[in-house]
Amino acid sequence: MVDEQKIVVEVPSDQGGYSRLANTAELSRLEEFKKGWIQAIALPDNLPDLAYTLASTVAISALLSSCWVSIPMPEFIRLGVLGVLVMAGIVILYLRQAVSEVKNVLLLRVGLVAVGVLLGI
């Protein structure tokens, strides 16, 4: 003999009786998006990786800005690169606003890129 209990669920006839719950799938996707960006922007924990990350951020931006100044390029390529930089700036502003946990690290990384650009010019 199996001991089974019956569960009775009452459904109200009018729609005003219960409030709808937020869709948890949407919230979890938003949280996954935020966690992904936090992990991507976060600085490494150990000292050698941190030094490499900081040095490469400055060096790569210095190399690119040096090439920008010294290598003759057609104007349409320069305009395309400027368009990509504008889009990257918009993404950075969005991330700064949407994911508040990365404000300081994002500001540090943008500052390092700016130092690299100034060194390359």
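Moving on: the overall build of the protein. Per the secondary structure count, the protein includes 4 helices and 0 strands. The proportion of buried residues among the 121 residues of the protein is 13%. Partitioning the contacts of the protein with sequence separation of at least 6, the portion at a separation of at least 24 is 71%. Carbon and sulfur atoms provide 65% of the accessible area of the protein, an area that totals close to 10300 Å².

A word on the confidence of the model for the protein. Per-residue confidence for the protein averages 83 on the pLDDT scale, and 84% of its residues sit at or above 70. Confidence scores differ between elements of the protein, with helix 1 (residues 24–41) showing the lowest mean pLDDT of 78 and helix 2 (residues 47–70) the highest of 91.

In this structure, Ser65 sits in helix 2. Overall, the relative accessible area of 8% leaves Ser65 in the buried class. Of note is the side chain of Ser65, whose polar atom sits 3.1 Å from the backbone oxygen of Ala62. Contacts of Ser65, omitting those with residues within four sequence positions, involve Gly116, Val117, Gly120 and Ile121.

Below, the discussion takes up the packing of aromatic side chains. Counted by the stated rule, this structure contains 1 aromatic pair. Measuring from centroid to centroid gives 6.5 Å for Phe33 and Trp37, while their planes differ by 70°, and the two rings are edge-to-face. In this pair, Phe33 and Trp37 are both assigned in helix 1, 4 residues apart and thus about one turn of the helix distant. Look at Trp37 and you get partly exposed, because its relative accessible area is 32%. Between the NZ or CZ atom of Arg78 and the centre of the ring of Trp68, over which it lies, the distance is 4.8 Å.

The next point concerns the packing of helix 2 against helix 4 (residues 103–120). Interhelical geometry of helix 2 versus helix 4 gives an angle of 40° and a closest axis separation of 7 Å. Judged on the interaxial angle alone, helix 4 and helix 2 are oblique. The hand of the helix 2/helix 4 crossing is right-handed. Across the interface between the two elements, Thr53, Leu54, Thr57, Val58, Ser61, Ala62, Ser65 and Ser66 of helix 2 pack against Arg109, Leu112, Val113, Val115, Gly116, Val117, Leu119 and Gly120 of helix 4. Taken together, the residues that form the contact of helix 2 with helix 4 break down as 8 nonpolar, 7 polar and 1 charged.

Along the polypeptide, Ala98 turns up in helix 3 (residues 75–98). A sequence separation of 64 residues divides Ala98 from Lys34, and the C-alpha atoms of the two residues are 8.1 Å apart.

Time to look at the environment of Arg78. Mapped onto the fold, Arg78 is located in helix 3. You can call Arg78 buried: its relative accessible area is 18%.

Procedures and definitions
Residues numbered from 1 in each chain as written. Predicted model: local features only at pLDDT ≥ 70, side-chain atom pairs only at ≥ 80, totals over all residues. Heavy atoms only, no water. Helix = DSSP H or I, 4+ residues; strand = E, 2+ residues; numbered from the N terminus. Buried < 20%, exposed > 50% of the residue type's maximum accessible area, 1.4 Å probe, protein only. Contact = heavy atoms within 4.5 Å. Areas by Shrake-Rupley, 256 points an atom, 1.4 Å probe, with all protein chains shown as cover. pLDDT = per-residue confidence, 0-100. Polar contact = N/O pair within 3.5 Å; in protein donor to acceptor, adjacent residues only side chain to side chain. Phe/Tyr/Trp six-rings, centres within 6.5 Å; stacked < 30°, edge-to-face > 60°. Lys NZ or Arg CZ within 6 Å of the ring centre and 35° of its normal. Axes fitted to C-alpha atoms, helices over the stretch in contact; angles between N-to-C directions. Parallel < 35°, antiparallel > 145°, perpendicular 65-115°, else oblique. Left-handed = near helix turned anticlockwise from the far one by under 90°. Nonpolar A, V, L, I, M, F, W, Y, C, P; charged D, E, K, R; others polar.

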